[in-house]
Amino acid sequence: MTPKGVTLNTNSHKIKFARRFIRTLLRMRKNAPSSSSIEEIRKRSQRIKIAAYSSMAHAVGSRRAWSRAILFKLRNRARHHGMMRRRSMKKRVIKNDPPGDQSQTNKLRQLVPGGKAMDMCSLLEETAHYMRCLSTQVKVMQTIADHFSK
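Residues numbered from 1 in each chain as written. Predicted model: local features only at pLDDT ≥ 70, side-chain atom pairs only at ≥ 80, totals over all residues. Heavy atoms only, no water.

Named according to an unreviewed UniProt entry, the chain is IBH1-like N-terminal domain-containing protein originating from Lithocarpus litseifolius.

Caption draft 1: Fine view of the pattern of salt bridges. On inspection of all chains with the given rule, the structure shows three salt bridges. The residue Glu39 makes a salt bridge to Arg42 at a minimum N-O spacing of 2.6 Å. Of the two residues, Glu39 and Arg42 are both situated in helix H2 (residues 38-60); the distance of three residues between them amounts to about one turn of the helix. Residue Glu39 is classed as partly exposed on the basis of its relative accessible area, which comes to 38%. For Arg42, a relative accessible area of 48% gives the class partly exposed. For the salt bridge of Glu126 with Arg64, the shortest nitrogen-to-oxygen distance reads 3.4 Å. On the criterion of sequence distance, the pair formed by Glu126 in helix H5 (residues 120-149) and Arg64 in the loop between H2 and helix H3 (65-86) is long-range, its members being 62 residues apart. Among the residues examined, Glu126 registers a relative accessible area of 8% and is labelled buried. (Salt bridge = Lys/Arg side-chain N within 4 Å of Asp/Glu carboxyl O. Helix = DSSP H or I, 4+ residues; strand = E, 2+ residues; numbered from the N terminus. Buried < 20%, exposed > 50% of the residue type's maximum accessible area, 1.4 Å probe, protein only.)

Caption draft 2: Representation of the environment of Ile50. Tracing the chain through its elements places Ile50 in helix H2. On the basis of relative accessible area, Ile50 is assigned to the partly exposed category, the value being 25%. For the pair Ile50 and Ile70, spaced 20 residues apart in sequence, the C-alpha to C-alpha distance is 9.7 Å. If sequence neighbours within four positions are ignored, Ile50 has contacts with Leu74 and Arg77. (Contact = heavy atoms within 4.5 Å.)

Caption draft 3: Region of the structure containing H5. Taking 1.5 Å as the rise per residue, H5 with 30 residues should run 44 Å; its terminal C-alpha atoms sit 42 Å apart, in good agreement. Of all the residues in H5, the buried ones are Leu123, Glu125, Glu126, Thr127, His129, Tyr130, Cys133, Thr136, Gln137, Val140 and Ile144. The N-capping residue of H5, defined by a side-chain oxygen 3.0 Å from the backbone nitrogen of Cys121, is Asp119. (Expected span 1.5 Å × (residues − 1). Polar contact = N/O pair within 3.5 Å; in protein donor to acceptor, adjacent residues only side chain to side chain.)

Caption draft 4: The arrangement of the packing of helix H4 (residues 104-111) against H5 in detail. The contact between H4 and H5 brings their axes to 11 Å, and the two run at 50°. As far as their axial angle goes, H5 and H4 are oblique. In this structure, the crossing between H4 and H5 has a hand that is left-handed. From H4, Thr105, Leu108, Arg109 and Leu111 reach across to H5, where they touch Met120, Leu123, Leu124, Thr127 and Tyr130. The residue inventory of the contact of H4 with H5, partitioned by class, reads six nonpolar, two polar and one charged. (Axes fitted to C-alpha atoms, helices over the stretch in contact; angles between N-to-C directions. Parallel < 35°, antiparallel > 145°, perpendicular 65-115°, else oblique. Left-handed = near helix turned anticlockwise from the far one by under 90°. Nonpolar A, V, L, I, M, F, W, Y, C, P; charged D, E, K, R; others polar.)

In structure tokens form, the structure reads like this:
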């Protein structure tokens, strides 16, 4: 179900993702602080997560709505990062809506980046592509973990 004129070569995405992700991990390792406090581990984990999403979105490019949404969010985060440091750090309170309030479609719209602005057909198509990319991301990360755990 790929749109006309768009080919999906997962090997190409996989290679692009792996290269960019490893480059980012190496840069993070080079700049990593020597302490291993719980807070530093949490921050490092968050940076790895962001690096994985960013690498996958860049590998796919701007052809997909979900990748454009991730790239837009990351650009805004980088732009406003300086402002966030100046503000006092407040803990976020996550609201749990009652389970009967949301339809399955609305739940899906929240899971897929950029899904809130899509019609149903586009949402399903983007969801399928996003899931394939997440699967590729997991496989690459598992391969990296297996390689370095030996």
